[in-house]
Amino acid sequence: MTPSARIQAAIDLLDAIIASARDGGPAADTLIARYFKERRYAGSRDRRAVRDHVYDAIRRAAERPETGREAMIGLALERPEVAALFDGSTHAPLPIEPGEMGAEAGAVPRWLQPLLADKVEQDALLGRAPVDVRVNRLKATPPDVAPLLPDATPIAGLPDGLRLPEGFPVEQQAAWKDGLVEVQDAGSQWIAAACAVQPGMTVIDLCAGAGGKTLALAAAMGGRGNLIAADTIRSRLARLEPRAARAGATFIETLLLDQSHEARGLESLNGQVDVVLVDAPCSGTGTWRRNPEARWRLTQPRLDRLVAEQARILDFAASLLAPGGALVYATCALTEREGRGQVDAFLARHAGWTAEPIALPVGRAHGAGLLLTPGHDGSDGFFFARLRREA
């Protein structure tokens, strides 16, 4: 592919990504993979260059553009070397017309800016994310792993956390294949630490997804106790089984719940659980470094639905806790309604619960919990709080 043809390919992909974001379709990575699967002639350098153009344009535009050309022209108007490739040659985009407008630059959609927590450094939300891994204590210690990943550096305050350069192919390394490390952002590792689980406890990861935090809890429990990974989406839970096998965390029990009727599947555990982690469905505003197109998918009605769903999950999760048990609420979101506001509302609805301090050397106090942001903590953005049921 010529450099100009790569620009046109990026425009074509951006058209598909914009439509998919508008209509709730597949994510950008999926669309890019499909695009090149159908175009075997594109070499690795072509694929990398097109992908870079696409994500540069996505990161630049907070508001969803109307077309891929608009998105790419916005980038071209800031980069003369890109603008020069709009030359009208074979397989190239047509020249940029005088006065033709590109997408407006910005980090956060205008409607969302006043809803973010006031401590969020908005310009840092779209920086490139490093590759963080957690040493799996069920199989290894940091000194065991250090010679296998010489490019890794320790993450301050996380004894099992290591940081690798952006794009490092960790899943090609023996340390990952043998289950000695698991890819996990530092923020997620901090949330697992906030759960303060111990061997022998009964613990539920209530919105487990593919089980990243479940595996961290399993390691902290030393493989002993009752650890349940629950979710309502079968395909997500299915991804946990091979991960748990690789990590040596075979004592994890998975539980598929019925959407909107989750409490029925958990009735036998009411009042018996020591720790429940609710890593709730959320806007994902804290993960834009990894998924910048999420800005184009989020709307006010969707945010409203997420806030209502979070409250519903918290309410039935509360009934699971034994007296003295801890409910850890977490979201990879940085809006006030999903974080501080959600916890304040829970405490107002439920007597006999208190928020307790989380003694971790990270984040900033925010209402009843802690706020992590990419700009302040170098991790994905999270809000989390630990709520204790009175004994």
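Residues numbered from 1 in each chain as written. Predicted model: local features only at pLDDT ≥ 70, side-chain atom pairs only at ≥ 80, totals over all residues. Heavy atoms only, no water.

For the protein, an unreviewed UniProt entry supplies the name rRNA cytosine-C5-methylase and the organism Sphingomonas bisphenolicum.

(A) Expanded view of the nonpolar core. Core analysis: the largest hydrophobic core is formed by 42 residues, its most contacted members being Ile-204, Leu-206, Leu-266, Val-276, Val-278 and Leu-327. Within the residue set of this core, elements represented by two or more residues are β6 (226-231), β8 (273-279), α13 (300-318), β9 (321-331), α14 (340-349) and β13 (382-389). The leading source of residues in this core is α13, at seven residues. Sequence-distant contacts of Leu-206, defined by excluding residues within four places in its chain, comprise Ala-230, Asp-231, Leu-257, Leu-266, Val-276, Leu-277, Val-278, Ile-313, Phe-316 and Ala-317. (Core = buried A, V, L, I, M, F, W, Y, C linked by side-chain atoms within 4.5 Å. Buried < 20%, exposed > 50% of the residue type's maximum accessible area, 1.4 Å probe, protein only. Helix = DSSP H or I, 4+ residues; strand = E, 2+ residues; numbered from the N terminus. Contact = heavy atoms within 4.5 Å.)

(B) Highlighting the UniProt feature "domain: SAM-dependent MTase RsmB/NOP-type" (unreviewed entry) in the protein. The positions that UniProt labels "domain: SAM-dependent MTase RsmB/NOP-type" (unreviewed entry) are, in the present scheme, residues 100-390. Counted over residues 100-390, helix gives 29% and strand 24%. Its end C-alpha atoms are 63 Å apart. (UniProt positions renumbered as here; feature names shortened; annotations may be inferred.)

(C) The UniProt feature "binding site: S-adenosyl-L-methionine" (unreviewed entry) in the protein, seen in detail. Per the UniProt record, the feature "binding site: S-adenosyl-L-methionine" (unreviewed entry) sits at Asp-231, Asp-258 and Asp-279. Examined against the element boundaries, Asp-231 turns out to sit in strand β6. By relative accessible area, which is 6% here, Asp-231 ends up buried. When sequence neighbours within four positions are dropped, the list of residues in contact with Asp-231 reads Leu-206, Cys-207, Ala-208, Gly-209, Arg-236, Leu-237, Leu-255, Leu-256 and Leu-257. For Asp-258, the location among the structural elements is in the loop between β7 (253-256) and α11 (262-266).

(D) Quick look at the pairing of β9. Burial analysis of β9 places nine of its 11 residues in the buried class, which makes it a mostly covered element. Pairing geometry for β8 and β9, over six bridges, is parallel. Paired with Val-278 across the bridge in β9 is Tyr-329. By the bridge criterion, six bridges tie β9 to β13 in an arrangement that is antiparallel. Following the sheet pairing, Leu-327 is matched in β13 by Leu-387. (Pairing = 2+ DSSP bridges.)

(E) Spotlight on the packing of aromatic side chains. In this structure the tally under the stated criterion is two aromatic pairs. Centroid distance Tyr-35 to Phe-36: 5.2 Å. Interplanar angle 85°. Geometry classified as edge-to-face. Each member of the pair, Tyr-35 as well as Phe-36, carries the same accessibility label: buried. Plain terms: the ring middles of Phe-346 and Trp-353 are 5.5 Å apart, the flat faces sit at 80° to each other, and that makes the pair edge-to-face. The ring of Trp-176 carries the charged tip of Arg-246 above its face, separated from the ring centre by 3.9 Å. (Phe/Tyr/Trp six-rings, centres within 6.5 Å; stacked < 30°, edge-to-face > 60°. Lys NZ or Arg CZ within 6 Å of the ring centre and 35° of its normal.)

(F) Helix α8 (residues 186-195), seen in detail. The buried fraction of α8 amounts to nine of the 10 residues, a majority that puts the element mostly inside the structure. A distance of 2.7 Å separates the backbone nitrogen of Gly-187 from a side-chain oxygen at the start of α8, and that oxygen is part of Asp-185. Immediately downstream of α8, the backbone of Ala-196 shows phi near 50°, a positive value. (Polar contact = N/O pair within 3.5 Å; in protein donor to acceptor, adjacent residues only side chain to side chain.)

(G) Inspection of the packing of helix α1 (residues 3-23) against helix α3 (residues 44-60) at higher detail. Where α1 contacts α3, the two axes come as close as 9 Å, and the packing angle between them is 50°. The angle between α1 and α3 falls in the class oblique. Crossing hand, α1 versus α3: right-handed. Along the contact surface, α1 presents Arg-6, Ile-7, Ala-9, Ala-10, Leu-13, Leu-14 and Ile-17, while α3 presents Arg-45, Asp-46, Ala-49, Val-50, His-53, Val-54, Ala-57 and Ile-58. (Axes fitted to C-alpha atoms, helices over the stretch in contact; angles between N-to-C directions. Parallel < 35°, antiparallel > 145°, perpendicular 65-115°, else oblique. Left-handed = near helix turned anticlockwise from the far one by under 90°.)

(H) Structural detail: the environment of Ala-42. Here Ala-42 lies in the loop between α2 (28-37) and α3. The exposure class of Ala-42 is buried, given its relative accessible area of 3%. For the pair Ala-42 and Glu-104, spaced 62 residues apart in sequence, the C-alpha to C-alpha distance is 30 Å. Those residues in contact with Ala-42, other than ones at most four positions away along the chain, are Met-1, Phe-36 and Arg-47.

(I) Region of interest: helix α4 (residues 68-76). Burial analysis of α4 places seven of its nine residues in the buried class, the great majority of the element. Listed as buried for α4 are Gly-68, Ala-71, Met-72, Ile-73, Gly-74, Leu-75 and Ala-76. Buried residues along α4 sit in contact with α1, α3 and α5 (80-83).

(J) Spotlight on the packing of α1 against α2. For the pair α1 and α2, the least separation of the axes is 10 Å and the interaxial angle reads 135°. If you check the angle between α1 and α2, you find them oblique. Handedness of the α1/α2 crossing: right-handed. Packed against α1, whose contacting residues are Ala-9, Asp-12, Leu-13, Ala-16, Ile-17 and Ser-20, the element α2 presents Ala-28, Leu-31, Ile-32, Tyr-35 and Phe-36 at the interface. Tallied by class, residues from the contact of α1 with α2 come to nine nonpolar, one polar and one charged. (Nonpolar A, V, L, I, M, F, W, Y, C, P; charged D, E, K, R; others polar.)

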